[in-house]
Amino acid sequence: MLPPDARTLSGDVNSPQHLAELRLSSAGLTLPAPGDRFAPSAVETSHLLLLSLQGRVACFHAGLGWHLEASHFAWLAPTAALTLRSASLRAGEMLVWNFRPSVLPDAFHPLLPVPGRAPAHGPAPLTPSMQSLVLALRGCPVAPSR
């Protein structure tokens, strides 16, 4: 289930991939542990790509904490719940892509992070091509959910 200040851009929370736009307050949001996210029969590890769009976002996972500045990303394979909250006076805005490796082409599999290392890639600045993609994703028309 998505928090009130979120919208789904692609997929849904139970699909092999789900892209959501989140607006975070200082109270934050906790995403469930991987075993809670999908049906127990799903054995494939889930991955998260976090893209910070506006404001500074504080991230906490498995006893580690880091910050995502605006226009930065982090990629991880969480092994525990992940807490995200705004670390500035303004609300943090971000895209969160939750996906299973099977949705990626095989050529990308060597890039997959090791589960539990958080973040495995980043935090790092978005490249210009990544920024263009994020703008396109945010501007896509989204059909209202029923």
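Attention here is on the structure that accompanies the text.

Rules and cut-offs
Residues numbered from 1 in each chain as written. Predicted model: local features only at pLDDT ≥ 70, side-chain atom pairs only at ≥ 80, totals over all residues. Heavy atoms only, no water. Helix = DSSP H or I, 4+ residues; strand = E, 2+ residues; numbered from the N terminus. Buried < 20%, exposed > 50% of the residue type's maximum accessible area, 1.4 Å probe, protein only. Contact = heavy atoms within 4.5 Å. Areas by Shrake-Rupley, 256 points an atom, 1.4 Å probe, with all protein chains shown as cover. Salt bridge = Lys/Arg side-chain N within 4 Å of Asp/Glu carboxyl O. 1 Å grid on protein atoms, 1.4 Å probe; cavity = no way out; pocket = protein on both sides within 12 Å on 5 of 7 lines; lining within 4 Å. Points joined across faces, edges and corners; volume = space filled by probe spheres on them. Nonpolar A, V, L, I, M, F, W, Y, C, P; charged D, E, K, R; others polar. Pairing = 2+ DSSP bridges. Axes fitted to C-alpha atoms, helices over the stretch in contact; angles between N-to-C directions.

Section: the overall build of the chain
And step 1. What the chain contains, in helices and strands, is 2 helices and 10 strands.
And step 2. Its helices and strands in sequence order give the chain the pattern β-β-β-α-β-β-β-β-β-β-β-α, from N to C terminus.
And step 3. Put simply, the chain has 146 residues, and 36% of those count as buried.
And step 4. For the chain, long-range pairs separated by at least 24 residues make up 69% of all intrachain contacts whose partners lie at least 6 apart in sequence.
And step 5. Carbon and sulfur atoms provide 60% of the accessible area of the chain, an area that totals close to 7,900 Å².

Considering the environment of S71
And step 1. Inspection of the secondary structure assignment puts S71 in the loop between β6 (64-68) and β7 (72-76).
And step 2. Separated by 53 residues in sequence, S71 and A124 have C-alpha atoms that sit 8.6 Å apart.

A few points about the pattern of salt bridges
And step 1. Enumeration according to the criterion identifies 3 salt bridges in this entry.
And step 2. A salt bridge links R7 to E21; its shortest N-O distance comes to 2.7 Å. With R7 in strand β1 (residues 6-11) and E21 in strand β2 (residues 17-24), this pair connects stretches of sequence that are 14 residues apart.
And step 3. A relative accessible area of 30% means that R7 is categorised as partly exposed.
And step 4. The salt bridge involving E69 is made with R56; its shortest N-O contact spans 2.7 Å. Pair noted here: E69 is in the loop between β6 and β7 and R56 is in the loop between β4 (47-54) and β5 (57-61), with a separation of 13 residues, a long-range link.
And step 5. On the accessibility criterion, E69 (34% relative accessible area) is partly exposed.

Regarding the layout of surface pockets
And step 1. As a volume, the second largest pocket reaches approximately 170 Å³.
And step 2. Lining the second largest pocket are L19, L49, L51, W97, M130, L133, V134 and L137.
And step 3. Contributing elements (two or more residues each) for the lining of the second largest pocket: β4 and α2 (128-139).
And step 4. Considering each element in turn, the lining of the second largest pocket owes the most residues, 4 residues, to α2.
And step 5. Here the residues of the lining of the second largest pocket are counted per class, giving 8 nonpolar, no polar and no charged.

So, the sheet that holds β6
And step 1. Across the sheet, 4 strands lie side by side as β3-β8-β5-β6; this open sheet has antiparallel pairing. Single-partner strands in this sheet number two, and they are β3 (29-31) and β6. When the angles between neighbouring strand axes are averaged without regard to direction, this sheet yields 20°.
And step 2. By the bridge criterion, 5 bridges tie β5 to β6 in an arrangement that is antiparallel.

So, the sheet that holds β2
And step 1. Spatial ordering of the open sheet is given by β1-β2-β9-β4-β7-β10, a layout of 6 strands whose pairing is antiparallel. Every other strand in the sheet has two partners, leaving β1 and β10 (121-125) as the edge strands with one partner each. Averaged over neighbouring strand pairs, the angle between their axes works out to 15° when direction is ignored.
And step 2. Inspection of the sheet shows β4 paired to β7 by 5 bridges, in the antiparallel sense. Paired with S52 across the bridge in β7 is H72.

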